[in-house]
Amino acid sequence: MKIIADDKIPFLKGVLEPFAEVVYLPGSEINREIVLDADALLTRTRTKCTSSFLKGTKLKFIGTATIGFDHIDTDYCQKNNIFWTNAPGCNSSSVQQYMISAMLKAAEKSHFALRGKTIGIVGAGNVGSKVEKFARLTGMKVLVNDPPRARREGGNNFVDLPVVLREADMITFHVPLNMSGSDKTWHLFNMGVSGVMKKGVWVFNTSRGEVTDTDTLKNIIRSGLAGGVVLDVWENEPCIDTSLMAEVFLATPHIAGYSADGKANGTSIIVNALCDYFSLPLRKWYPSVPSPPEPLIRIDTTGKKDEEIIREAVMHTYNVGKDDSDLRSDPALFEKLRGDYGLRREFSAYTTELLPYSSDVAGVLKEMGFSVK
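Residues numbered from 1 in each chain as written. Predicted model: local features only at pLDDT ≥ 70, side-chain atom pairs only at ≥ 80, totals over all residues. Heavy atoms only, no water.

A.B. asks: Describe the overall build of the chain, naming the residues involved and giving the relevant values.
C.D. replies: Of the regular secondary structure elements, the chain holds 15 helices and 14 strands. At 21 Å, the chain has a C-alpha radius of gyration in line with the 21 Å of a compact globule built from 373 residues. Across its three principal directions, the C-alpha atoms of the chain cover 65 × 50 × 45 Å. Taking all 373 residues of the chain together, the buried fraction comes to 56%. Considering only contacts in the chain between residues 6 or more positions apart, those separated by 24 or more positions represent 62%. About 16,100 Å² of surface is accessible on the chain, with carbon and sulfur atoms providing 50% of the total. Distance between charge centroids for the chain: 2 Å, based on 44 positive and 45 negative side chains. (Helix = DSSP H or I, 4+ residues; strand = E, 2+ residues; numbered from the N terminus. Rg over C-alpha atoms; globule rule 2.2 N^0.38 Å. Buried < 20%, exposed > 50% of the residue type's maximum accessible area, 1.4 Å probe, protein only. Contact = heavy atoms within 4.5 Å. Areas by Shrake-Rupley, 256 points an atom, 1.4 Å probe, with all protein chains shown as cover. Lys, Arg positive; Asp, Glu negative; His and termini not counted. Charge placed at Lys NZ, Arg CZ, Asp CG, Glu CD.)

Written as structure tokens, this is what we have:
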């Protein structure tokens, strides 16, 4: 049995070698000739599994260690008996952590509290729902725009996109990239919709770069319409628009979902799916994830507001500002920054000690995933 694997899939090396020949390559170097005689492909978004890529190969299984799967021609796979799987929800808590860090940094920069502000969440799947949970915990008003869910569940808990644009102080996108159809998300945020946007709004995109039109983002920043823009994803990655990068508040190299926990989840999902498909004698595999260097967070709560305490706890686990400065230092290293990304653990790997103890903020931190004592 032969497996071709992206060499940047974490925790994978050594796991499947007892059962198969495993060839590791950079995602950009995996092409049709390389997979011609392979039984399985383990990949990420950088390898485009198009019909021309797949045609004539022996592939029976494709696993992508990512939430998104727009890089796989799933129709071709279905018609040609190639089993494929993604890793839905694997890094949703990681993106939530990124969003919380970015939201708190934006609030601090603009000298406002999150409590009482309105956030518009466009796409309330695994990630959007977790951002919604945090927003409600901190006393924000939440507007949810998710047409597929609204059709399934009824519209009472959802609003149309124009309502989000008119009323939200923060707008965040957590949608898949759909190039066409009734739920098209390509350039969902464009010059037309920005015309009804509330002045001073903050725009966040951690979904796909093509969801927010580059020229529109530049326009809302330069015109003063936006309070700020936070981008983890970009059109034409990894060749990003450096003039846009220079103007956004936070610019990061598509790493919102790059916590060690999210990576471990994604890898375990596709490894276990492959083992099930080929009946390999490896079941319920999960990697050993390193502990963070400082898992205990001691916080002096004296005279501090709840949001300040939460900010201190969050920034101990992950300060998005470092990823921002790393990208700005050399945007040409976009892919290297992703490939060499350091250890980041999610909230669940940390314990906060509040001195003195505050039951209100402790409750919020526990709901976010922290242990509290």
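A.B. asks: Account for the packing of aromatic side chains, naming residues and giving values.
C.D. replies: Counting across every chain of the model gives eleven aromatic pairs. Judged by centre distance (4.9 Å) and plane angle (40°), the ring pair of Phe 69 and Trp 84 falls under tilted. In this pair, Phe 69 sits in the loop between β4 (61–64) and α3 (74–79) while Trp 84 sits in strand β5 (residues 83–85), placing the two residues 15 residues apart along the sequence. Judged by its relative accessible area of 25%, Trp 84 is partly exposed. Between Phe 347 and Phe 370, the ring centres sit 4.7 Å apart and the planes meet at 25°, which makes this aromatic pair stacked. Of this pair, Phe 347 sits in the loop between α14 (334–339) and β13 (351–355) while Phe 370 sits in the loop between α15 (359–368) and β14 (371–372), placing them 23 residues apart in sequence. Residues Phe 347 and Phe 370 agree in their burial class; the two are buried. Put simply, the rings of Phe 61, Phe 83, Tyr 277 and Phe 278 touch in pairs and so form one group of aromatic residues. Lying across the ring of Tyr 24, Lys 13 places its NZ or CZ 5.4 Å from the centre. The ring of Phe 112 has Lys 117 lying over it, and the distance from NZ or CZ to the ring centre is 5.0 Å. (Phe/Tyr/Trp six-rings, centres within 6.5 Å; stacked < 30°, edge-to-face > 60°. Lys NZ or Arg CZ within 6 Å of the ring centre and 35° of its normal.)

A.B. asks: How would you summarise the pattern of salt bridges if you had to cite specific residues and measurements?
C.D. replies: Should their charged atoms come close, side chains of opposite charge can pair. Counting across every chain of the model gives 24 salt bridges. Put simply, Arg 46 and Glu 237 hold a salt bridge, and the shortest N to O gap is 3.2 Å. Placement of Arg 46 in the loop between β3 (40–43) and α2 (51–54) and of Glu 237 in the loop between β10 (226–231) and α10 (242–247) is noted, with a sequence separation of 191 residues between them. Residue Arg 46 shares its accessibility class with Glu 237, and that shared class is buried. Measuring nitrogen to oxygen at the nearest pair gives 3.3 Å for the salt bridge that ties Asp 70 to Arg 208. Here Asp 70, found in the loop between β4 and α3, pairs with Arg 208, found in the loop between β9 (201–205) and α9 (214–222); they are 138 residues apart in sequence, far enough to count as distant. (Salt bridge = Lys/Arg side-chain N within 4 Å of Asp/Glu carboxyl O.)

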